[in-house]
Amino acid sequence: MPAPHVLDFVYIIVILAGGIIAGFAPFVISDIFRPRTINKKTLLTYECGMDPFGSAWDIRFGAAYYLYALIFLAFDVDILYLFPVAAAYDRVSGWQGVLELFIFVGILTLAVAYVWVKGVFTWAIKREEN
Amino acid sequence: MGDQTRGKLNVHSYAAELQARLERGEPGNLVVHDPGPLVRHKLADEIFNLCRANSLWPMTFGLACCAIEMMSLGMARFDISRFGSEVFRPSPRQSDLMIVAGTVNKKMASAVMTLYDQMPSPKWVIAMGNCAISGGPFAVEENYNVIEGVDKLIPVDVYVPGCPPRPEGLLEGILKLQEKITGVRHPFPQRKISDAPSY
């Protein structure tokens with residue numbers, strides 16, 4: 001009779017093996033019994049019935065979208081720094097907390113105001129620049 | 001880059017194959033590799049066919065007005081899910097039933113053939129409506145564009161006539177397909193009407 005902690009490990013290993021078998025058995029069973037017919041276009045990239053063309057690495061992505069990343073970052077940082085504010089909100093008096101909150105968010109909102117003034121929210125202006 | 005140029009010219013790589021099938025007048029199936037299953041066992045086949053028949057996954061593939069009836073079959077009133085085929089898949093990779101619901105014209109034909117190729121085997125086809133069966137109202141002398149019957153392109157298992165067929169018609173087509181797959185009309189025993197709860 002092995003020591004109890006060895007038996008515990010045996011249980012873990014048995015259950016682990018059972019889990020692995022349960023995970024991979026469907027793949028093995030379906031691989032054994034499935035029909036393996038390959039038509040001329042079965043392995044092609046799925047393109048709604050059209051011919052795929054070009055390379056998957058040849059992606060043209062509008063560089064102008066970096067502006068949206070920056071705006072997202074501005075909002076994101078806004079929200080991120082409000083979590084410690086919420087955590088420490090009960091340590092100061094009510095008016096002080098609200099006031100400091102608005103000052104803080106107001107300064108961070110300047111980033112959004114900046115891109116607004118710059119005309120990022122208007123596609124037409126961007127087109128003229130291009 | 002040669003592929004890209006061909007894509008821009010809108011010439012489908014199945015254009016020649018489409019022409020060949022139309023001239024031959026019978027469906028084709030370009031199989032390049034078919035070694036069959038590793039193990040073929042009668043009982044296993046029966047079990048798998050039972051499972052296949054009771055979970056036919058159709059492809060979301062509406063070509064014309066018949067697709068409206070197909071959609072209504074998927075909704076609560078006719079409820080295709082009673083027979084296990086409510087899982088309309090938006091990709092041929094995951095589906096094993098192609099319901100050709102509508103008119104197939106020549107521009108669409110090569111796409112239909114490609115989608116049929118891309119479905120994993122085993123796969124079945126229901127030709128729904130007169131257009132998909134024989135061209136329907138387009139089967140006239142002046143027709144220049146409509147394929148007169150999708151069975152000129154791909155092998156069809158069940159034909160559901162109508163213009164368009166009612167959802168019950170398509171439902172009967174699916175039951176017929178289940179019968180074709182398993183050999184019995186209701187692969188799983190149905191509840192009798194007298195046993196059904198009354199609402």
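Within any chain, residue numbers begin from 1 and follow the written order of that chain's sequence. Whichever chain is written first becomes A and whichever ligand is written first becomes 1, with later ones labelled in order. This being a predicted model, a pLDDT of at least 70 is required before a residue's local features are given, and a value of 80 or more before pairs of side-chain atoms are given or counted; all residues contribute to the totals for chains, interfaces and linings. Heavy atoms throughout the structure, all of them, feed into the side-chain values; hydrogens and water do not.

## Describing the overall build of chain B
Per the convention used, a helix needs a DSSP run of H or I reaching at least four residues, while a strand needs a run of E reaching at least two, with both numbered from the N terminus. Per the secondary structure count, chain B includes seven helices and four strands. Element order for chain B, N to C, with α for helix and β for strand: α-α-β-α-α-β-α-β-α-β-α. Relative to the 2.2 N^0.38 estimate, which gives 16 Å for 199 residues, the radius of gyration of chain B is 18 Å and therefore close to what a compact globule would have. Considering only C-alpha atoms, chain B reaches an extent of 60 × 45 × 30 Å along its principal axes. A 1.4 Å probe rolled over the protein chains alone gives each residue an accessible area, and that area as a share of the maximum for its type sets the label: buried under 20%, exposed over 50%, partly exposed in between. Each of the 199 residues in chain B was classed as buried or not, and the buried ones make up 41%. We call two residues in contact whenever any of their non-hydrogen atoms come within 4.5 Å of each other. Long-range pairs, those at least 24 residues apart, make up 76% of the contacts in chain B with a sequence separation of at least 6. Shrake-Rupley sampling with a 1.4 Å probe provides the accessible areas, and residues are treated as covered by the protein chains on show and by no other component. Surface summary for chain B: the accessible area is close to 10,700 Å², and the carbon and sulfur share equals 56%. The charge count treats Lys and Arg as positive and Asp and Glu as negative. His and the chain ends do not count. To locate a charge, take NZ of a lysine, CZ of an arginine, CG of an aspartate or CD of a glutamate. Side-chain charges of chain B comprise 21 positive and 21 negative groups, with the mean position of each set lying 4 Å from the other. Taken over C-alpha atoms, the radius of gyration is set against a globule rule of 2.2 Å times the number of residues to the power 0.38.

## Remarks on the pairing of strand S2 (residues 97–101) of chain B
Residues and elements named next belong to chain B. For S2, the buried fraction is high: five of the five residues fall into the buried class. Taking every second residue as pointing to the same face, both faces of S2 are buried, with Leu 97, Ile 99 and Ala 101 on one and Met 98 and Val 100 on the other. Pairing of S2 with strand S3 (residues 124–128) involves five bridges; the strand directions are parallel. Bridge pairing links Leu 97 to Trp 124 in S3. Note on the crossover from S2 through helix H5 (residues 106–118) to S3: the handedness is right-handed. Should DSSP find at least two bridges between two strands, the strands are taken to pair. For the handedness criterion, the strands are oriented away from the viewer, and a crossover whose path from the first strand over the helix to the second runs clockwise is classed as right-handed.

## Quick notes on the interface of chain B and chain A
Contact residues are listed per partner, giving 37 residues for chain B and 24 residues for chain A. Buried area: the accessible surface (1.4 Å probe) lost by two parts on joining, summed over both. At the boundary of chain B with chain A, total buried surface from both sides reaches about 2,600 Å², with 56% on carbon and sulfur atoms. Of all residues in chain B, Leu38(B), Arg93(B) and Gln118(B) bury the most surface against chain A, accounting for 17% of the area lost on that side. What qualifies as a polar contact is a pair of N or O atoms within 3.5 Å, subject to a donor-acceptor requirement within protein and to the restriction that residues adjacent in sequence count only when both atoms come from side chains. The interface formed by chain B and chain A includes 18 residue pairs in polar contact (both at pLDDT 80 or more).

## Looking at helix H7 (residues 167–182) of chain B
Residue and element names in this part refer to chain B. Between its first and last C-alpha, H7 extends 23 Å over 16 residues, near the 22 Å set by a 1.5 Å rise per residue. Burial in H7 covers these residues: Pro 167, Leu 170, Leu 171, Gly 173, Ile 174, Leu 175, Leu 177, Gln 178 and Ile 181. Turning to H7, the residues buried within the fold contact helix H3 (42–54), helix H4 (66–74), S2, S3 and strand S4 (158–160). Looking one or two residues beyond H7, the residue adopting positive phi is Gly 183, at roughly 100°. Expected helix span is computed as 1.5 Å times (number of residues minus one).

## Section: the sheet that holds S2(B)
Residue and element names in this part refer to chain B. Taken in spatial order, the three strands make up an open sheet running S2-S3-S4, and their pairing is parallel. Either end of the sheet is taken by a strand with one partner, and the two such strands are S2 and S4. With strand direction ignored, the average angle separating the axes of adjacent strands in the sheet is 20°. Two strands pair when backbone bridges link them, and S3 and S4 are joined in this way by three bridges, in the parallel orientation. Residue Met 128 lies in a different strand from S4, and its bridge partner there is Val 160. Strands S2, S3 and S4 of the sheet are contacted by H7, whose axis makes an angle of about 150° with S3. Here, axes are lines fitted to C-alpha atoms. For helices the fit covers the stretch in contact, and angles between N-to-C directions go from 0 to 180 degrees.

## Considerations on the packing of aromatic side chains
Any aromatic ring pair is given by two values, namely how distant the centres are and how the planes are angled relative to each other. Aromatic pairing here means that ring centres of Phe, Tyr or Trp (its six-membered ring) are within 6.5 Å. Orientation follows from the plane angle: under 30 degrees is stacked, over 60 is edge-to-face, and everything else is tilted. In the structure shown here, the tally under the stated rule is three aromatic pairs over all chains. Centre to centre, the rings of Phe24(A) and Phe27(A) are 6.3 Å apart; their planes meet at 45°, and the pair counts as tilted. Of this pair, Phe24(A) and Phe27(A) both sit in helix H1 (residues 4–33), separated by three residues, roughly a single helical turn. In this structure, Phe24(A) and Phe27(A) share a single accessibility class: exposed. Centre to centre, the rings of Tyr81(A) and Phe104(A) are 6.0 Å apart; their planes meet at 85°, and the pair counts as edge-to-face. One end of the pair, Tyr81(A), is in helix H2 (residues 66–87); the other, Phe104(A), is in helix H3 (residues 94–118), with 23 residues separating them in the sequence. Geometrically, a charge over a ring is one whose NZ (Lys) or CZ (Arg) sits within 6 Å of the ring centre while staying within 35 degrees of the ring normal. The ring of Tyr116(B) carries the charged tip of Lys123(B) above its face, separated from the ring centre by 4.6 Å.

## What to know about the packing of helix H2 (residues 15–24) of chain B against H5(B)
Between two packed helices, both the angle of their axes relative to each other and the distance between the axes serve to describe the pair. Residues and elements named next belong to chain B. Relative orientation of the contacting elements H2 and H5 amounts to 100°, with a least axis distance of 10 Å. Classed by the angle they form, the pair H2 and H5 counts as roughly perpendicular. Across the interface between the two elements, Glu 17, Leu 18, Arg 21 and Leu 22 of H2 pack against Lys 106, Ala 109, Ser 110 and Met 113 of H5. Each residue is assigned to one of three groups, with Ala, Val, Leu, Ile, Met, Phe, Trp, Tyr, Cys and Pro labelled nonpolar, Asp, Glu, Lys and Arg labelled charged, and all others, Gly among them, labelled polar. By residue class, the composition of the contact of H2 with H5 is four nonpolar, one polar and three charged. By definition in this entry, angles of less than 35 degrees are roughly parallel, angles greater than 145 are roughly antiparallel, angles of 65 to 115 are roughly perpendicular, and the rest are oblique.

## Examining the nonpolar core
All names here are of chain B. Membership of the largest hydrophobic core comes to 23 residues, with the highest contact counts inside it found for Ile 99, Ile 126, Leu 170 and Leu 177. Among the elements of the structure, H4, S2, S3, S4 and H7 are those that each provide at least two residues to this core. Not counting the four nearest positions on each side in its chain, Leu 177 is found in contact with Leu 56, Leu 97, Trp 124, Ile 126, Asp 157 and Val 158. With 22 residues, the next largest nonpolar core counts Val 100, Leu 115, Val 125 and Ile 147 among its residues. In plain words, nonpolar cores are sets of buried Ala, Val, Leu, Ile, Met, Phe, Trp, Tyr and Cys residues tied together by side-chain atoms within 4.5 Å.

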